[in-house]
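Spelled out from the first residue to the last, the chains are:
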Amino acid sequence: PVLLGCGSAQPGGCPALCECSEPAKTVKCVNRNLTAVPADLPPYVRSLFITGNPLTHLPAGAFSAQRLPDLASLNLSGNHLRTVEAGALALPALRQLDLSGNALASFSPQAFGAGGSPLEELALRGALRDHGVLLSLAALLQSGALRNLSRLELADNGLLLLPAGMFTALPALRVLDLSNNSLVGLRNVSFQGLGQLQSLNLSDNSLGVLWNSTLAQFRSLPALQHIILGHNTWVCDCAIEDLLAWLKESDQVEGKEALTCASPEKMFGKALLKINGSDLNCSVPTDLPSQLQTSYVFLGIVLALIGAIFLLVLYLNRKGIKKWMHNIRDACRDHMEGYHYRYEINADPRLTNLSSNSDV
């Protein structure tokens with residue numbers, strides 16, 4: 001152990017504070033108080049573990065592609081990583097990457113280099129607490145740089161919503177783990193193009209209902225055979241009818257017998273598969289009063305906004321409006337004087353006799 005911990009920086013040697021095994025082509029730098037990636041990693045390494053260190057920053061070229069041509073598995077979990085710059089992970093043979101348990105604040109969409117990456121497995125458990133990092137990851141996935149990705153783990157991140165079209169450029173994806181987040185809906189999430197997707201984990205979220213548009217996507221994925229929906233907050237009202245019908249006819253959901261209602265109170269704990277139409281009482285919309293109240297509030301806001309705009313227009317054009325009103329007043333006065341003149345003519349008998357005399 002002493003010899004392993006005091007390796008030299010010679011080619012084929014072992015970096016200080018790391019343990020190396022050339023037969024296994026493995027290097028482990030675990031809990032060694034490292035603040036930077038060792039620059040003297042042996043070129044034979046295929047599996048590299050740098051975990052449990054106060055490592056906060058991965059600059060461009062943190063891992064030399066020329067020196068590490070065979071590095072296929074990289075575990076950087078449990079560090080203090082906050083920044084991953086462009087080109088920091090540009091490794092030609094990288095297949096597995098674990099960044100779980102970090103507190104990423106900046107993740108460049110070009111982290112894997114300008115070209116595509118051969119990466120097949122990406123683990124980001126508990127590493128996406130910052131919304132900006134989630135958007136950067138979505139941009140990276142949508143760019144097509146990770147088209148070979150077959151496994152993506154996004155669990156334990158407290159995600160509420162996912163960026164639209166986040167997974168559309170992952171044709172090789174087989175496993176997608178979104179468990180233990182706070183997802184409240186999937187309406188903006190597209191699973192189109194995931195023809196190879198086999199497993200989708202949505203357990204331990206805050207899903208209240210799955211709409212028919214999402215269920216239709218599930219039906220259209222030929223390889224999707226394992227959907228996990230346990231421990232969600234299912235709202236058992238009329239909106240859940242499509243989900244219930246799908247659950248009863250589909251074999252894609254694992255453990256669907258254990259799915260239960262979280263609300264309303266009268267339905268709490270009832271198994272979804274045991275619910276029938278009479279339990280839901282869908283003859284009258286249950287949320288009609290709240291819908292009407294929301295509509296009235298919205299209408300009041302719109303009318304107030306229109307009134308404010310109208311008053312603003314009147315104020316800005318007050319001089320023109322005043323002139324326009326004077327013109328209308330003068331026009332009306334002239335018009336009324338004309339009517340008054342005609343009335344006086346018609347009322348004078350002398351003028352009446354003159355107008356009735358054809359010789360005049």
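As a convention, each chain's residues are numbered from 1 in the sequence order in which they are written. Totals for whole chains, interfaces and linings use all residues, but because this is a predicted model, local features are given only for residues with pLDDT of at least 70 and pairs of side-chain atoms are given and counted only at 80 or more. To obtain the side-chain values, all non-hydrogen atoms of the structure were used and water was disregarded.

Per an unreviewed UniProt entry, the protein chain carries the name TPBG protein and comes from Oreocharis arfaki.

1. Some remarks on the overall build of the protein chain
Scanning the protein chain from terminus to terminus reveals eight helices and 16 strands. Partly exposed describes any residue whose relative accessible area lies between the buried limit of under 20% and the exposed limit of over 50%, with all areas from a 1.4 Å probe on protein chains only and scaled to the type maximum. Counting over 360 residues, the protein chain shows a buried share of 38%. Only heavy atoms enter the contact rule, under which two residues are in contact if any of them lie within 4.5 Å. A sequence separation of at least 24 residues applies to 59% of the contacts in the protein chain between residues at least 6 apart. We get accessible surface area from the Shrake-Rupley algorithm with a probe of 1.4 Å; when it comes to residues, only the shown protein chains can shield them. For the protein chain, the exposed surface amounts to about 19600 Å²; the carbon and sulfur share of it is 58%. To qualify as a helix, a DSSP run of H or I must reach at least 4 residues; to qualify as a strand, a run of E must reach at least 2; elements of each kind are numbered from the N terminus.

2. Some points on the side chain of serine 117
With respect to the helices and strands, serine 117 occurs in the loop between strand E8 (106–107) and strand E9 (121–123). A distance of 3.2 Å separates a polar side-chain atom of serine 117 from the backbone nitrogen of leucine 119. What serine 117 contacts, discounting residues up to four positions off in sequence, is Phe112, Ala145, Leu146 and Asn148. The definition of a polar contact used here is a pair of N or O atoms within 3.5 Å, where within protein one atom must be able to donate a hydrogen and the other to accept one, and adjacent residues in sequence count solely through side-chain atom pairs.

3. A few points about the environment of alanine 139
Checked against the element boundaries, alanine 139 lands in helix H2 (residues 131–142). For the pair formed by alanine 139 and proline 163, sequence separation is 24 residues and the distance between their alpha carbons is 9.3 Å.

4. Details of the packing of helix H3 (residues 212–220) against helix H4 (residues 241–249)
Every axis corresponds to a line fitted to the C-alpha atoms, with the helix fit spanning only the stretch in contact, and the corresponding angles, defined between N-to-C directions, vary from 0 to 180 degrees. Following both chains from N to C, one finds H3 and H4 inclined at 20°, their axes separated by 9 Å at the closest point. Considered as vectors, H3 and H4 are oriented roughly parallel to each other. As for how H3 packs across H4, the hand of that crossing is left-handed. Contacts between H3 and H4 pair Asn212, Leu215, Phe218 and Arg219 from the former with Asp242, Leu243, Trp246 and Glu249 from the latter. Residue polarity is assigned by list, with Asp, Glu, Lys and Arg as charged and Ala, Val, Leu, Ile, Met, Phe, Trp, Tyr, Cys and Pro as nonpolar; anything else, Gly included, falls into the polar class. The class makeup of the residues in the contact of H3 with H4 is four nonpolar, one polar and three charged. Any angle that falls under 35 degrees is termed roughly parallel, while one over 145 is termed roughly antiparallel, one within 65 to 115 roughly perpendicular, and all others oblique. Two helices that cross are described as forming a left-handed crossing if the nearer one is turned anticlockwise from the farther one by less than a right angle, and a right-handed crossing if clockwise.

5. Topic: the nonpolar core
By nonpolar core is meant a set of buried Ala, Val, Leu, Ile, Met, Phe, Trp, Tyr and Cys residues that side-chain atoms within 4.5 Å join together. Among the nonpolar cores identified, the biggest contains 87 residues, and Leu58, Phe63, Phe112, Leu152, Phe167, Phe218 and Leu272 are the most heavily contacted of them. Broken down by secondary-structure element, the contributors of at least two residues to this core are strand E2 (26–30), strand E3 (47–51), H2, H3 and H4. For this core, the leading source of residues is H2, giving six residues.

6. Considering the UniProt feature "domain: LRRNT" (unreviewed entry) in the protein chain
UniProt positions are given in the numbering used here, feature names are shortened, and annotations may be inferred rather than shown by experiment. Residues given the UniProt feature "domain: LRRNT" (unreviewed entry) here are residues 13–47. Regarding residues 13–47, the helix share stands at 0% and the strand share at 26%, and the terminal C-alpha atoms are separated by 15 Å.

7. Concerning the pairing of E2
Put simply, side chains in a regular strand alternate between the two faces of the sheet. As judged from the three bridges shared by strand E1 (residues 19–21) and E2, these two strands associate in the antiparallel manner. In the sheet register, cysteine 20 faces E2, and the bridge partner there is valine 27. For two strands to pair, DSSP has to find at least two bridges joining them. Where E1 folds back on E2, the antiparallel hairpin that results is connected by four residues, among which lysine 25 adopts a positive phi of roughly 55°. Where E2 lies against E3, five bridges are found, and the strand directions are parallel. Paired with valine 30 across the bridge in E3 is threonine 51.

8. Considerations on the pattern of salt bridges
Definition used for salt bridges: Asp or Glu carboxyl oxygen within 4 Å of a side-chain nitrogen of Lys or Arg. Applying the stated rule across the entire model yields nine salt bridges. Taking the shortest distance from any N to any O, the salt bridge between arginine 32 and glutamate 19 comes out at 3.2 Å. Remark: glutamate 19 occurs in strand E1 and arginine 32 occurs in the loop between E2 and E3; sequence separation between them is 13 residues. The exposure class of arginine 32 is partly exposed, given its relative accessible area of 30%. We classify glutamate 19 as partly exposed; its relative accessible area is 38%. Among the salt bridges present, the one from lysine 270 reaches aspartate 279, with a minimum N-O distance of 2.9 Å. For lysine 270, a relative accessible area of 28% puts it in the partly exposed group. The network of salt bridges with common partners includes Arg125, Arg151, Glu153, Asp156 and Asp177.

9. What to know about the sheet that holds strand E7 (residues 96–98)
What the eleven strands build is an open sheet, ordered E1-E2-E3-E5-E7-E9-E10-E11-E12-E13-E15; its pairing is mixed. The sheet is open, and its two edges are formed by E1 and strand E15 (253–254), each paired on a single side. Pairing geometry for E3 and strand E5 (residues 73–75), over three bridges, is parallel. When the sheet's bridge partners are listed, serine 47 is paired in E5 with serine 73.

10. Some thoughts on the state of the cysteines
In what follows, a disulfide is any cysteine sulfur pair within 2.5 Å. As enumerated under the stated definition, the model contains three disulfides in all. The disulfide bridge from cysteine 14 ends at cysteine 20, spanning 2.0 Å between sulfur atoms. Taking the sign of the torsion about the S-S bond as the criterion, the disulfide between cysteine 14 and cysteine 20, at about 80°, is right-handed. The burial state of cysteine 14 is the same as that of cysteine 20; both residues are buried. Here cysteine 18 connects covalently by a disulfide to cysteine 29, the sulfurs 2.0 Å from one another. In this structure the cystine formed by cysteine 18 and cysteine 29 twists about its S-S bond by roughly 105°; its chirality is therefore right-handed. You can see cysteine 18 sitting in the loop between helix H1 (2–5) and E1 and its partner cysteine 29 sitting in strand E2, a full eleven residues away along the chain. For cysteine 18, a relative accessible area of 0% puts it in the buried group.

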